[in-house]
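Here is what each chain is made of, one letter per residue.
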Amino acid sequence: MSTESLNPLVNAQKQIKAACDLLGLDPAVYEMLKEPMRVLEVSIPVRMDDGSLRVFKGWRSQHNDALGPTKGGIRFHQNVNLDEVKALSMWMTFKCGVLGLPYGGGKGGVCVDPTKLSKRELEQLSRGYIRAIATIVGPELDIPAPDVGTNAEIMAWMVDEYSKIKGYNSFGVITGKPLILGGSKGRTDATGYGVALTAREGAKRLGMDFNKCTVALQGFGNVGSYSGLYLHRLGGKVIAVTDVFGGIYNKDGIDIEKLMEHVKKTGSVVNFPGTTSINNEQLLSLDVDILALCALENQITADNADTIKAKMIVEGANGPVTPEADKILDSKGIFVCPDILTNAGGVMVSYFEWVQNLTNLYWSEEEVKQRQEEGMVEAFKAVYDLAQQYKVNMRTAAYMISIKRVYEAMKARGWV
Ligand SMILES: NC(=O)C1=CN([C@@H]2O[C@H](COP(=O)(O)OP(=O)(O)OC[C@H]3O[C@@H](n4cnc5c(N)ncnc54)[C@H](O)[C@@H]3O)[C@@H](O)[C@H]2O)C=CC1
Ligand SMILES: O=C(O)CCC(=O)C(=O)O
């Protein structure tokens with residue numbers, strides 16, 4: 001076992017430091033960026049269905065708002081902790097920076113297994129959380145969205161609760177909402193669509209014919225399922241999928257639309273007809289062209305990086321590859337499309353949603369998709385070209401672009 005840290009905060013700090021050093025920035029810039037500017041810790045009491053009272057712990061972290069209001073999802077998961085929320089908010093700053101969005105990074109989380117709550121309990125928790133952080137969020141301050149364990153329905157409860165506090169409808173406070181409450185067309189599938197677009201751009205640069213690419217997919221929630229769908233629609237063949245319960249394999253390809261229906265009915269990819277079973281470890285080391293990581297952090301570490309055979313990794317999840325694993329993958333010539341670029345489609349369309357809320361003018365799905373594709377292809381090109389110029393990997397190049405933007409905004413404001 002390696003002694004590498006699996007603390008996402010430590011790993012985010014290493015990534016930022018590497019890019020600050022390459023850019024030759026004053027050490028004060030790293031000092032500004034290595035921790036969030038603000039974190040709120042909250043306790044949320046919920047009356048459970050059996051009459052007992054449970055108190056859940058939650059956080060909202062606002063990393064840096066030099067470029068604009070902070071933005072980022074809310075995670076409901078049993079392993080959520082302060083360092084994870086901080087790291088996720090830091091990754092949001094650099095994700096928005098690499099796409100050129102007028103936002104800084106934020107993230108929220110509650111330590112809870114949402115699958116163990118009844119619908120009423122989940123609604124009470126969601127409303128309690130937004131009440132607890134209401135003083136530090138707002139359309140011009142900090143704009144949450146869905147992440148692991150949360151969805152459009154939860155965003156609807158939160159926007160309703162926040163609007164009650166304000167005394168008027170405030171749709172621009174949260175994105176990823178249902179369409180009827182000011183949601184944007186194309187937001188639900190935006191992250192997955194972006195993952196597939198990034199894979200397509202990466203394959204082009206590697207001289208791979210996308211129509212012949214095989215794909216292994218880890219995670220089949222919001223990001224994983226739509227990544228699979230669009231990877232398939234763009235021509236790739238998804239041959240293996242895992243989720244937290246297990247996995248499936250078929251060398252001739254898996255019908256993703258049917259798999260989505262199966263998951264809706266059964267709650268998991270397991271036992272999908274026409275497939276054999278596979279575990280997570282086996283999936284990660286499959287000999288495929290593309291490995292799409294769409295679950296959680298720390299999936300490829302110093303301990304298993306050497307077993308990876310894919311030619312390209314696309315990080316749909318945040319932080320799935322550790323810095324030590326990055327070095328090993330680099331030495332094996334594996335092309336890694338980093339999270340802050342690859343999964344940025346979600347926040348990009350969230351930005352479109354917020355713009356629509358602020359202007360009260362709503363866009364067609366076609367317009368959303370077209371703008372997303374343009375934005376992501378342009379960002380990919382900028383990162384790829386810089387990586388070639390500096391002979392660094394795609395992650396470092398993405399951080400260099402992003403940190404330079406954040407630095408210039410901080411400098412213009414007189415912060416550094
Ligand atoms: N929802 C969004 O718009 C965005 C999400 N992300 C990131 O993408 C990742 C996934 O998020 P969502 O799809 O929204 O969450 P989700 O809650 O909808 O789905 C998570 C998926 O990961 C699976 N999973 C969990 N632990 C696993 C394990 N150990 N092995 C294999 N599969 C496992 C679950 O079974 C589920 O299929 C997270 O890292 C999140 O931060 C990034 C950008 C935007
Ligand atoms: O849509 C958003 O605002 C943020 C999505 C998110 O949490 C992420 O990109 O990790």
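In this numbering scheme, every chain counts its residues from 1 along its sequence in written order. Both sets of labels track the order of writing: A upward for chains, 1 upward for ligands. Local features in this predicted model are restricted to residues of pLDDT 70 or higher, and side-chain atom pairs are both shown and tallied only at a pLDDT of 80 or more, whereas totals for entire chains, interfaces and linings draw on every residue.

## Let's talk about the overall build of the protein
- Secondary structure assignment for the protein yields 14 helices and 12 strands.
- Two things to know: the radius of gyration comes from C-alpha atoms, and the globule rule equals 2.2 Å times the number of residues to the power 0.38. Taking 2.2 N^0.38 as the reference for a compact globule, 416 residues should give roughly 22 Å; the C-alpha atoms of the protein span a radius of gyration of 20 Å, in line with that estimate.
- Projecting the C-alpha coordinates of the protein onto the three principal axes gives extents of approximately 55 × 55 × 45 Å.
- The burial label depends on the number of other C-beta atoms within 10 Å of a residue's C-beta. Counts of 20 or more mean buried, 12 or fewer mean exposed, and intermediate counts mean partly exposed, with C-beta atoms placed from the backbone. Per-residue burial over the protein gives 54% buried out of 416 residues.
- Counting contacts in the protein only where the partners sit at least 6 residues apart, residues at least 24 apart contribute 70% of the total. The helix count covers DSSP runs of H or I at least four residues long, the strand count covers runs of E at least two residues long, and both are numbered beginning at the N terminus. Contact between two residues is assigned whenever their backbone-derived C-beta positions fall within 7 Å.

## What about the UniProt feature "active site" (unreviewed entry) in the protein?
- UniProt positions are given in the numbering used here, feature names are shortened, and annotations may be inferred rather than shown by experiment. The UniProt record annotates "active site" (unreviewed entry) at Lys107.
- Tracing the chain through its elements places Lys107 in strand β4 (residues 104-111).
- Using a count of 33 C-beta atoms within 10 Å as the deciding quantity, one classes Lys107 as buried.
- Every residue in contact with Lys107, bar those within four places of it in the chain, is listed here: Ser61, Gly72, Gly73, Val85, Leu88, Ser89 and Met92.

## Here's the deal with the sheet that holds strand β11 (residues 312-315)
- As summarised here, the arrangement of the 7 strands in space is β9-β8-β7-β6-β10-β11-β12, forming an open sheet in which the pairing is mixed. Edge positions in the sheet fall to β9 (276-277) and β12 (335-337), since each of these pairs with one other strand and no more.
- Relative to β9, strand β8 (residues 246-249) runs antiparallel, the two sharing 2 bridges. Looking across to β9, one finds that Tyr249 is bridged to Thr276.
- Packing of helix α6 (residues 190-205) onto the sheet brings it into contact with β10 (290-293), β11 and β12, and relative to β11 it is tilted by some 155°. When DSSP finds two or more bridges between a pair of strands, those strands are recorded as paired. In this analysis, axes come from line fits to C-alpha atoms, helices being fitted only over the stretch in contact, and the angle between any two N-to-C directions falls in the range 0 to 180 degrees.

## Description of the confidence of the model for the protein
- Put simply, the protein has an average pLDDT of 98, and 100% of its residues get 70 or more.
- For this predicted complex, the interface score ipTM comes out at 0.99, alongside a pTM of 0.98. One number per residue, pLDDT, summarises how confident the predictor is, and it ranges from 0 to 100.

## Concerning the site of ligand 1
- Residues are counted as near a molecule or strand when the C-beta atom, derived from backbone positions, lies within 6 Å of that molecule or strand. As a structural note, the neighbourhood of ligand 1 is formed by 24 residues, with Gly221, Asp243, Val244, Ala317 and Gly346 the closest of them.
- Taken together, the elements giving at least two residues each to the shell around ligand 1 come down to α7 (222-233) and β7 (237-243).
- Sort the elements by how many residues they give to the shell around ligand 1 and α7 lands first, with 3 residues.
- For this scheme, ten residues count as nonpolar: Ala, Val, Leu, Ile, Met, Phe, Trp, Tyr, Cys and Pro. Four count as charged, namely Asp, Glu, Lys and Arg, and the remainder, Gly too, count as polar. Residue composition of the shell around ligand 1, by class: 9 nonpolar, 13 polar and 2 charged.
- Looking at which domains feed residues into the shell around ligand 1, each of domain 1 (35-171) and domain 2 (190-342) supplies at least three. Residue ranges assigned to the domains are those given by an automatic or database domain assignment.

## Quick notes on the site of ligand 2
- The local shell around ligand 2 holds 13 residues, among which Gly73, Ala145, Gly346, Val347 and Ser350 are the closest.
- Contributing elements (two or more residues each) for the shell around ligand 2: β3 (70-77) and α12 (345-359).

## Quick word on the domain arrangement of the protein
- Once the domains are mapped, the protein shows domain 1 (35-171) and domain 2 (190-342).
- Using only C-alpha atoms to locate each centre, domain 1 and domain 2 end up separated by 27 Å.
- Taken together, the contact between domain 1 and domain 2 spans 6 residues of the former and 5 residues of the latter.
- Considered class by class, the residues forming the side of domain 1 that touches domain 2 number 5 nonpolar, no polar and 1 charged.

## A few points about the UniProt feature "binding site: substrate" (unreviewed entry) in the protein
- When the UniProt feature table is mapped onto this chain, "binding site: substrate" (unreviewed entry) is found at Lys71, Lys95 and Ser350. Spanning 280 residues, the named residues nonetheless gather at one spot, since no C-alpha pair among them exceeds 12.7 Å.
- Within the fold, Lys95 resides in helix α3 (residues 82-99).
- Once residues lying within four places of it in the same chain are set aside, the contact partners of Lys95 are Ile340, Ala344 and Val347.
- Along the chain, the position of Ser350 falls in helix α12.
- For Ser350, the contacting residues outside a window of four places in its chain are Lys71, Ala145, Thr175, Gly176 and Arg187.

## Here's the deal with the packing of α6 against α12
- Where α6 meets α12, the closest approach of the two axes is 7 Å, and the angle between their N-to-C directions is 130°. Viewed along their axes, α6 and α12 adopt a mutual orientation that is oblique. Considering how the two elements wind past one another, α6 and α12 form a crossing that is right-handed. Side by side, α6 and α12 meet where Ala190, Thr191, Tyr193 and Gly194 of the first sit next to Gly345, Gly346, Met348 and Val349 of the second. Angles below 35 degrees are treated as roughly parallel, those above 145 as roughly antiparallel, those between 65 and 115 as roughly perpendicular, and all remaining angles as oblique. Handedness of a crossing follows from how the near helix is turned relative to the far one, being left-handed for an anticlockwise turn of less than a right angle and right-handed for a clockwise one.

## Some points on the packing of α7 against helix α8 (residues 256-266)
- For the pair α7 and α8, the least separation of the axes is 9 Å and the interaxial angle reads 160°. As judged from the angle between their axes, α7 and α8 are roughly antiparallel. Relative to α8, α7 is oriented so that their crossing is left-handed. Here Ser225, Gly228, Leu229 and His232 of α7 lie close against α8, whose contacting residues are Ile256, Glu257, Met260 and Val263.
- For the contact of α7 with α8, the class distribution of residues is 4 nonpolar, 3 polar and 1 charged.

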